[in-house]
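Structural overview
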Amino acid sequence: MTKFILRRAASSAIVLVLSVVTVFLSIRILPGDPVLLKFGAQTGATPAALDALRESAGLNHPMLVQLMIWLGGVVRGDFGTSFISQLPVSELVGQRIPATLELTFFIVVIASILSVLLVLIAIRKPGSATDRFIGYVTSIGFSTPSFIIGIILVYIFALRWHVLPSQGFKSIDLGIVQNLKLMILPAFTGAMVVSPYLIKYLRTSILETRTSSYIRTAKGKGLSSSAVLIRHILPNSIVPTLTMLGMIVGFALGGVFVIEYMFAVPGIGSLAIESASARDYSVLQGVSVVVIALFIITTFVFDMICGFVDPRQRVLQVKS
Amino acid sequence: MTFEALKQKKRMKVKLRGSASLILLLGTLAIFLLANVLSPYGPNDIGVGDHFAPPSGAHLFGTDNLGRDLLSRILFGGRITVLIALGATSIALILGSAWGILAGIRGGWIDEFLMRTADALMAVPLILFALFCISALGSSVASLILVAGILLSPSTARMARSAVKAELASPYVVSAVASGFSKVRLVWNEVMVNIAPQLLVQISINAASAVMLEATLSFVGFGLQPPNASLGTLILQGYAQIYNSIWFVLFPVITVMMTILVFNNYGEQLRLSLDSKRSSS
């Protein structure tokens, strides 16, 4: 177990560092001088003033030194200041995290319920018309970008039926009913983006378990179907379920960007899009680091839980 | 019916579906690439009809807020989107397969490093990376192609690597290497040909992803500058006018979904026919 934890932690750390460095370098390598972008067009910006600004932003150091300074800040939770608003990036990102976490939570809950229900219906009779229908809907879901699902939902619920607001966000402090009402459409949009992956994964893994030899043996020795379910199927489904939950969280985090933007939810996804259009690179960097870290930590935690409940996972993952 | 005959029938069915999906794919590409022949009006001609006209004989898909013919705009927008997808797919194919094949041939720490890098890139949500690049490069057809191409490379590399690894372990390669053939030469002359079908599956999945990525980036405002429009830009414009006309957003949405489905479907059918060939041999 110790070897497993260490190995996974090391590989997560390497991926984390590599992607954070990539984030930093990609901004430096790409063309465009942030100082010029902000002040070049302003009248009275002398070259000397621009140099002074570069100096104060630390842009005059060699790239490797800049990287080290920035990494040192990141470790201490200091992501620099925004070029545009002059506010600390950590503060900007911090303000936006609650909305994203709330949305992600609802997406995960709705997607789990939706997928489990649909899969249970589908596998009652594998190959039946219902199963095939759910299969078709799922494959259309794979091909549908999130914002198209959003547009369809907005059209039906906000424009046709006038039951839900088409966009906006109210913090929970201002009243839970208002908050939930505004959350429904973005959360369902996200859930419908995530569900096809879950449905496909769940269906395959349940069918695999059902046809495996130990289930046949359990039935053959005369166990009732509920005993087979409780003693054999469920324990063996824990790992796939956990893997699945990890997957949903990952997908939900990746999917919230556009959803937050189109539903005007003030989360880190919409912050990323806003700062990208304003070319506010320091904020974009900060958001990226936070999102990547959330991603990698989630994967790591779910790997750990899987390894804890199922010893086989430890060996498998160390070997591969 | 004998078992052989049943198997034969199933193989025929797979073949038939494969051909149908190929025809659909080529048809879709042809429609968009022939936009200038098929369009009834110029894509940017203002006032060829009323504002927000519903579909009619003169304007099959209706018109937009400036009285432009929506069908013509979709055909030309689709051409741009398809060109972006094809360009991005080519970049991903060249970059990704070089990346994956190198990792697969060399193995050891080079393999480990290249694949960890691919993992790191894939750990970042696609859209986040795309935001970075587009905001630095500016939005143009060329930068959309470049960005989508680079973003699709890591997954292509993973696929190419596993295909090469499997092929390198096959008896003919092992015996050829044992009798002194150069591994690099073998990969170039023999292995590449054998993994080409698998790469083709990846190409069509990549094309679908590129269309999706283009539409998404355009929808959040990083698309082409007006009056030019890709399919994603058209959806953005239509969505802004959704209170005035449902047609304006509906037709671009349907077009994007059909295009993605056609690419994905071709990849899926190709994969199925590869599987059935493998199991029958």
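Fair warning: this is a prediction, and the values are worked out from it, not measured in the lab.

The subject of this paragraph is the overall build of chain A. Each helix and strand counted, chain A has 13 helices and 0 strands in total. Mapped in sequence order, the helices and strands of chain A form the string α-α-α-α-α-α-α-α-α-α-α-α-α. Expressed along its principal axes, the backbone C-alpha trace of chain A runs to roughly 85 × 55 × 35 Å. Looking at chain A as a whole, 32% of its 320 residues are labelled buried.

Along the backbone of chain B there are 10 helices and 0 strands. Across chain B, helices and strands are ordered from the amino to the carboxyl terminus as α-α-α-α-α-α-α-α-α-α. For chain B, the spread of C-alpha atoms along the principal axes amounts to about 75 × 60 × 30 Å. When the 281 residues of chain B are sorted by exposure, 46% land in the buried category. Of the contacts formed within chain B by residues at least 6 apart in sequence, a portion of 69% connects residues at least 24 apart.

Contacts between the two partners involve 33 residues from chain B, matched on the other side by 36 residues from chain A. When contributions to the side of chain B that touches chain A are tallied by element, the ones reaching two or more residues are helix H4 (108-123), helix H5 (126-137), helix H8 (183-222) and helix H10 (247-280) of chain B. Examining the composition of the side of chain B that touches chain A, we find that 8 residues originate from one element, H5(B), more than from any other. Tallied by class, residues from the side of chain B that touches chain A come to 26 nonpolar, 5 polar and 2 charged.

Turning next to helix H1 (residues 2-29) of chain A. An ideal rise of 1.5 Å per residue puts 40 Å on 28 residues; H1(A) measures up with 40 Å between its terminal C-alpha atoms. Among all positions of H1(A), only A:Val15, A:Ser19, A:Val20, A:Thr22 and A:Val23 are buried.

Attention now moves to the environment of A:Thr130. Residue and element names in this part refer to chain A. You can see threonine 130 is positioned in helix H6 (residues 129-142). With 26 residues separating them along the chain, threonine 130 and threonine 104 place their C-alpha atoms 30 Å apart. Not counting residues up to four positions away in its chain, the partners in contact with threonine 130 are Ile121 and Ala122.

We now examine helix H6 (residues 141-168) of chain B. Taking 1.5 Å of rise per residue, the 28 residues of H6(B) would be expected to cover 40 Å, and the 38 Å separating its terminal C-alpha atoms lies within 8% of that figure. Considering bend angle alone, the principal kink of H6(B) is centred on B:Ser153 and spans about 35°; proline B:Pro154 follows within four residues of it.

So, on to unusual backbone geometry. Cis peptide bonds are those with omega within 30 degrees of zero, and the linkage from B:Pro226 to B:Pro227 qualifies with 10°. Position of B:Pro227 relative to the elements: it lies in the loop between H8 and helix H9 (231-240). Even without a glycine there, the phi angle at A:Arg279 is positive, about 55°. Secondary-structure assignment places A:Arg279 in the loop between helix H11 (268-277) and helix H12 (281-309). We classify A:Arg279 as partly exposed; it has 17 C-beta atoms within 10 Å. Residues other than glycine seldom take positive phi values, yet B:Phe52 does so here, at roughly 50°.

Quick look at the packing of H6(B) against H8(B) now. Residues and elements named next belong to chain B. In contact at an axis separation of 8 Å, H6 and H8 are set at 150° when each is read in the N-to-C sense. Looking at the two axes, H6 sits roughly antiparallel to H8. Handedness of the H6/H8 crossing: right-handed. In terms of residue class, the contact of H6 with H8 is made up of 16 nonpolar, 6 polar and 2 charged.

Now for the packing of H5(B) against H6(B). Two quantities define a packed helix pair, namely the angle between the axes and the distance from one axis to the other. Residue and element names in this part refer to chain B. Orientation of H5 relative to H6, taken along the N-to-C sense of each, is 150°, at an axis distance of 10 Å. The angle between H5 and H6 places the two elements in the roughly antiparallel class. Here H5 runs over H6; the crossing is right-handed. Together, Leu126, Phe129, Ala130, Cys133, Ile134 and Leu137 of H5 and Ser143, Val147 and Leu151 of H6 make up the contact between the two elements. Its residues assigned to classes, the contact of H5 with H6 shows 8 nonpolar, 1 polar and no charged.

Attention now goes to the confidence of the model for chain B. Overall, the predicted model of chain B reaches an average pLDDT of 88, with 98% of residues at or above 70. Complex prediction metrics read pTM 0.87 and ipTM 0.87.

Attention shifts here to the nonpolar core. By size, the foremost hydrophobic cluster in this structure holds 141 residues, and its most contacted members are A:Ala272, B:Ala130, B:Leu131, B:Ala148, B:Val211 and B:Ile235. Per-element accounting of this core gives the leading share, 17 residues, to H8(B). Setting aside chain neighbours within four positions, we find B:Val211 in contact with B:Thr81, B:Ala85, B:Val256, B:Thr259, B:Ile260 and B:Phe263.

Residue and element names in this part refer to chain A. Counting through the fold element by element, lysine 219 comes out in helix H9 (residues 213-220). The partly exposed category is assigned to lysine 219, around which 14 C-beta atoms lie within 10 Å. For the pair lysine 219 and valine 119, spaced 100 residues apart in the sequence, the C-alpha separation amounts to 23 Å.

As for its placement among the helices and strands, A:Val109 is situated in helix H5 (residues 89-122). Given 13 C-beta atoms within a 10 Å radius, A:Val109 is considered partly exposed.

Criteria and cut-off values
Each chain has its residues counted from 1, running along the sequence as written. The lettering of chains begins at A and the numbering of ligands begins at 1, in the order of writing. Side-chain atom pairs in this predicted model are given and counted only at pLDDT of 80 or more, local residue features only at pLDDT of at least 70, and totals for whole chains, interfaces and linings cover all residues. Segments assigned H or I by DSSP are reported as helices when at least four residues long, segments assigned E as strands when at least two residues long, and all are numbered from the N terminus. Between the buried cut of 20 or more and the exposed cut of 12 or fewer other C-beta atoms within 10 Å of a residue's own C-beta lies the partly exposed class, and all C-beta atoms are placed from the backbone. We call two residues in contact when the distance between their C-beta atoms, placed using the backbone, is within 7 Å. The nonpolar class holds Ala, Val, Leu, Ile, Met, Phe, Trp, Tyr, Cys and Pro. Asp, Glu, Lys and Arg form the charged class, and all remaining residues, Gly among them, are polar. Between the first and last residue of a helix there are one fewer steps than residues, each counted as 1.5 Å, and that sum is the expected span. One axis fitted to the seven residues ending at a residue, another fitted to the seven starting there: the angle between these axes is the bend at that residue. Axis lines are fitted to C-alpha atoms, over the contacting stretch for helices. Their N-to-C directions set the angle, which ranges from 0 to 180 degrees. Any angle that falls under 35 degrees is termed roughly parallel, while one over 145 is termed roughly antiparallel, one within 65 to 115 roughly perpendicular, and all others oblique. Note: crossing handedness is left-handed where the near helix turns anticlockwise from the far helix by less than a right angle, and right-handed where it turns clockwise. You can read pLDDT as the predictor saying how much it trusts each residue, on a scale of 0 to 100. In these notes, a nonpolar core means any group of buried Ala, Val, Leu, Ile, Met, Phe, Trp, Tyr and Cys residues linked to one another through C-beta atoms within 7 Å.

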